[in-house]
Amino acid sequence: MNTASAKHLADQLRSIRMAKRRTEAEELRLVTQLAVGYHLEAETDTHDALYEQDMQVGGEGCPLISEWFGLELAGLLGCTTRQAVSLVGRALNLRYRHPTLWTAVQQLKVDPHRAAAAAGRCESLPSPVAERVGARWLKLQHRLSWTASMNLVDRLIIEEAPHLAAEEERRALAARHVSVHAYRDGSMQVSAQLDVLDAKYLDAAVEQLSDILAGHPEGAGVTKAELRAKALGALAHPAYALALQQQAAQPVLLDGAAPATTIPLAADPDGERHRPHPAGCAGHICGAITVPLEALRPRTEVFVHIPAASLTGLTGAARVERAGTLTHQTLGLLLADRQVVVRPVIDVPELPDEDHYRPSAKLREAVIQIFPTEAFPYSQTPSRGLEQDHTTAYRLTGDGGQTRVGNLAPLRTRVHRVKTAGHWQAEQPTPGCLIWRSPLGYRYRVTPHGTYPLN
């Protein structure tokens, strides 16, 4: 390719990126307008619990929006309700708390997503302070990478409001968490928010254990990244991690050799704490593990679904709840040294209809198998733990058999409320298939395989 052709393609790429910026800026404008104007009327005799509530999704100065709007927007954008509400919060923060940034976004002077992320970092600040930070950030951000520009926001916040920044740091410490998510190909991602020192200690522990594992046969030919992942997995079994540390630091104990004779106390009362341990024990890894490691492993409950037809050949896929699917070969590898409880297969077509309001444990489990996630457009909320709603409302004076697989669906409380209020309407023509109609008239078919827009 000659220089002229390459320059032509590069110019096209720049043009497309500017068009994308224009589209994203317009999307934010439309989201804010729709969010502020979206309200649903309820019948005058509606129960108080079903009335539409206003909710705050942005910082100080942002208008309240309808609690139902996130459900409507999620369907329009083909995303989860959480993602939709997050988008609304970013858009409202920009529009109502950062007028300088908002104008720059609409004039295509700054990337909309970058500006929204900067505004989000200022959400806890009073509006005037947030505006000052945003205006200062706008003048400098164009020369920085994404990460550097976000670090700039944090520095400007400290400069403009140090006491508020300190309070935000205290809130961040209170929000520390660990989550396991994003299943793919037999593995999952682990994300956490720790304080700085704990994070550094964790990194050091992972590095230490990965170095130990590198000396084991299982570490031969394994990359450093995979060894660190194995090391973090070892920390999930504290006794195993301790055994690895002891192997490296005090093999005498692990080999079963008797410890050296006790050294008499010195006359100096402080001398004992400075005396080396007779077995070479190093601080927190003192002592031998006498209980089998399997007995010390923490208990957890993981539901794995295997189609009955594939049991004989052990081929095909196994579905792991709150994770995803993986091959039987990998499943066997992961469960090789684990205790497994086999539960009987539920024959869904043969389940009898029930007359009482609450489904039996067996019927409830069948509905969970039919709908692994909530039976609402684009929802990814796991169905286990959700309430199972009657698609056609249960009537005490109605016919028998109202509680059945073809009339139950797992729903969150908010979705249940908006359906009961009549704003969202649902029908279940067949078990495992719901047809939803939104308040604006958009229709969606929801099945265990996904959501299909019908408009």
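Model, not experiment: these values are computed from the prediction.

Caption draft 1: Region of the structure containing the confidence of the model for the chain. Per-residue confidence for the chain gives a mean pLDDT of 82; residues scoring 70 or more make up 82%. Mean pLDDT values over the elements of the chain span from 45, in helix α12 (residues 251-254), up to 96, in helix α4 (residues 99-106). Note on residues 251-280: pLDDT is under 50 here. Beyond four places in sequence and across chains, it has 19 contacts.

Caption draft 2: Spatial organisation of the side chain of S210. Among the structural elements, S210 can be located in helix α9 (residues 196-214). Within the structure, S210 has its side chain in polar contact with the backbone oxygen of E207 (distance 2.7 Å). At 3.1 Å, the side chain of S210 forms a polar contact with the side chain of K224. Excluding its chain neighbours within four sequence positions, the residues that come into contact with S210 are K224, L227, R228 and A231.

Caption draft 3: Examining the environment of A426 more closely. With respect to the secondary-structure elements, A426 resides in strand β10 (residues 425-430). When the C-alpha positions of A426 and R443 are compared, they lie 9.5 Å apart, and in sequence the two are 17 residues distant. Not counting residues within four places of it along the chain, the set of residues in contact with A426 comprises T391, K419, L434, I435 and W436.

Caption draft 4: Quick peek at the packing of α4 against helix α6 (residues 127-140). Two elements in contact, α4 and α6, have axes separated by 7 Å at closest approach and are oriented at 40°. The angle between the axes of α4 and α6 places the two elements in the oblique class. Judged by residue contacts, P99, T100, L101 and A104 of α4 engage E131, G134, A135, W137 and L138 from α6. Grouping the amino acids of the contact of α4 with α6 by side-chain chemistry returns six nonpolar, two polar and one charged.

Caption draft 5: Structural detail: the pairing of strand β11 (residues 433-437). Of all five residues in β11, four are buried; the element is thus mostly enclosed. Bridge count for β11 against strand β12 (residues 443-447) is four bridges, and the pairing is antiparallel. Bridge pairing in β12 places R437 opposite R443. Counting the residues that bridge the hairpin from β11 to β12 gives five residues, and of these G441 lies at a positive phi of roughly 95°.

Caption draft 6: Structural view of a nonpolar patch on the surface. Residues V178, V180, M188, V190, L194, L202, L232 and L235 make up a contiguous nonpolar surface patch of about 630 Å² in total accessible area. Counting only elements with at least two residues in the nonpolar patch, the list comes to β3 (177-184), β4 (187-193) and α10 (224-235). Tracing the backbone through its elements, the reader meets M188 in strand β4. Owing to a relative accessible area of 34%, M188 belongs among the partly exposed residues under this scheme.

Cut-offs applied
- Residues numbered from 1 in each chain as written.
- Predicted model: local features only at pLDDT ≥ 70, side-chain atom pairs only at ≥ 80, totals over all residues.
- Heavy atoms only, no water.
- pLDDT = per-residue confidence, 0-100.
- Helix = DSSP H or I, 4+ residues; strand = E, 2+ residues; numbered from the N terminus.
- Contact = heavy atoms within 4.5 Å.
- Polar contact = N/O pair within 3.5 Å; in protein donor to acceptor, adjacent residues only side chain to side chain.
- Axes fitted to C-alpha atoms, helices over the stretch in contact; angles between N-to-C directions.
- Parallel < 35°, antiparallel > 145°, perpendicular 65-115°, else oblique.
- Nonpolar A, V, L, I, M, F, W, Y, C, P; charged D, E, K, R; others polar.
- Buried < 20%, exposed > 50% of the residue type's maximum accessible area, 1.4 Å probe, protein only.
- Pairing = 2+ DSSP bridges.
- Patch = residues over 30% accessible without salt bridge, like charges linked within 9 Å, V, L, I, M, F, W, Y side chains within 5 Å.
- Areas by Shrake-Rupley, 256 points an atom, 1.4 Å probe, with all protein chains shown as cover.
- Salt bridge = Lys/Arg side-chain N within 4 Å of Asp/Glu carboxyl O.

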